Amino acid sequence: MQLLLTSSFLLIAAAQVSDKGLESEECAPHSQPWQVALYERGRFNCGASLISPHWVLTAAHCRTSFMRAHLGEHNLHKREGPEQLRLVSLAIPHPRYEARSHRHDVMLLRLARPARLTPQVRPVALPVHCPQPGEPCVVSGWGLVSGDKPGTTGSPESQVTVPDTLHCANISVISRAACDKDYPGRLMDTMVCAAAEGGGTDSCEGDSGGPLICGGALQGIVSWGDVPCDTTAKAGVYTKVCRYLQWIRETIRRN
């Protein structure tokens, strides 16, 4: 069974190619001011992206019955000052979302009160073009990260931890043809793949719904990938935001 991702898949893959100098690392605090943490009754559930003071974009598979958005977060277990908490007043998954195929894995959330824009809380730009193979990107999230380091104890196959702080990884968009080899017959033109240099996924459990930022724009939403995410060599698969611009704008206008 495929695991629905969150940005952690990318972070682990990045750690696997540390010989190239690429690792998932703690983000510079508040360097991703659009990053949102979604909670379900006090429990962290998914990542998301602020796209306007009233609206957040995430994956449809992140929908739960009671959602709260945490903005301006870095360490989820410390109160640092810039945080803003907002109830989600309206959740609108794409009307043709299919859980089995991951088709149309995108959802808009309306905040009960608009975000107060600050240096630590501001929206990300939506894309003006679709992502291109080789384009450098950053994925971020609070999902599982690799713990494969000298002196680490535990299973040699899987060394993962849940971080308190937001982690970032540098990855690149890979071509449809290359990703088709990992997931034959499963990719659609509404999906985009990205991976760390040298192969591997880009996100993991806990990163679902989080942002793939390329050239300063939100090009992807962490959607799905292979498992276990800390040992697989396959790319992570993202909802391709450029294919949903009309749906996003029309849905916001109607609501």
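Procedures and definitions
- Residues numbered from 1 in each chain as written.
- Predicted model: local features only at pLDDT ≥ 70, side-chain atom pairs only at ≥ 80, totals over all residues.
- Heavy atoms only, no water.
- Salt bridge = Lys/Arg side-chain N within 4 Å of Asp/Glu carboxyl O.
- Buried < 20%, exposed > 50% of the residue type's maximum accessible area, 1.4 Å probe, protein only.
- Core = buried A, V, L, I, M, F, W, Y, C linked by side-chain atoms within 4.5 Å.
- Helix = DSSP H or I, 4+ residues; strand = E, 2+ residues; numbered from the N terminus.
- Domains from an automatic or database assignment.
- Contact = heavy atoms within 4.5 Å.
- Disulfide = S-S within 2.5 Å.
- Polar contact = N/O pair within 3.5 Å; in protein donor to acceptor, adjacent residues only side chain to side chain.

Visitor: Requested: an account of the pattern of salt bridges, with residues and values cited.
Guide: Taken as a whole, this structure holds four salt bridges when the rule is applied. The closest approach of N and O atoms between E40 and R41, which form a salt bridge, is 3.7 Å. Salt-bridge contacts for E83 lead to R79; the nearest nitrogen and oxygen are separated by 3.9 Å. For R79, a relative accessible area of 65% translates into the label exposed.

Visitor: Which residues make up the nonpolar core, and what values do they have?
Guide: Residues V36, L38, I51, L57 and I248 are the most contacted members of the largest nonpolar core, which totals 34 residues. When residues of this core are traced back to their parent elements, those giving at least two are β3 (35–40), β4 (43–50), β5 (55–58), β6 (67–71), β7 (84–93), β8 (107–111), β15 (217–225) and α3 (245–254). Residues lining this core come from more than one domain, with at least three contributed by each of domain 1 (35–123 + 245–254) and domain 2 (124–148 + 160–242). Residues contacting I248, with those up to four places away along its chain left out, are I51, L57, L108, L126 and V241. Among the nonpolar cores identified, the runner-up in size contains twelve residues, and V139, A194, V222 and Y238 belong to it.

Visitor: Account for the state of the cysteines, naming residues and giving values.
Guide: Overall, the coordinates contain five disulfides when judged by the stated rule. Disulfide pairing is shown between C130 and C242; the S-S distance is 2.0 Å. On the sign convention where negative is left-handed, the bridge of C130 and C242, at about 100 degrees about the S-S bond, is right-handed. Separated by 112 residues along the polypeptide, C130 in the loop between β8 and β9 (136–141) and C242 in the loop between β16 (236–240) and α3 bring together distant segments of the chain. With a relative accessible area of 12%, C242 lands in the buried category. Note on cysteine connectivity: C179 is disulfide-linked to C193, with sulfurs 1.9 Å apart. Every disulfide takes its handedness from the sign of the S-S torsion; for C179 and C193 that torsion is -80 degrees, giving left-handed. Linking C179 in helix α2 (residues 176–182) with C193 in strand β13 (residues 191–195), this pair joins segments that are 14 residues apart in sequence.

Visitor: Kindly report on the environment of E135, identifying the contributing residues and their values.
Guide: Among the structural elements, E135 can be located in the loop between β8 and β9. Sequence separation between E135 and A194 is 59 residues; the distance between their C-alpha atoms is 9.3 Å. Beyond its immediate stretch of four places on either side in the chain, E135 contacts H129, I171, S172, V173, C214 and G215. A polar side-chain atom of E135 sits 2.9 Å from the main-chain amide nitrogen of Q132.

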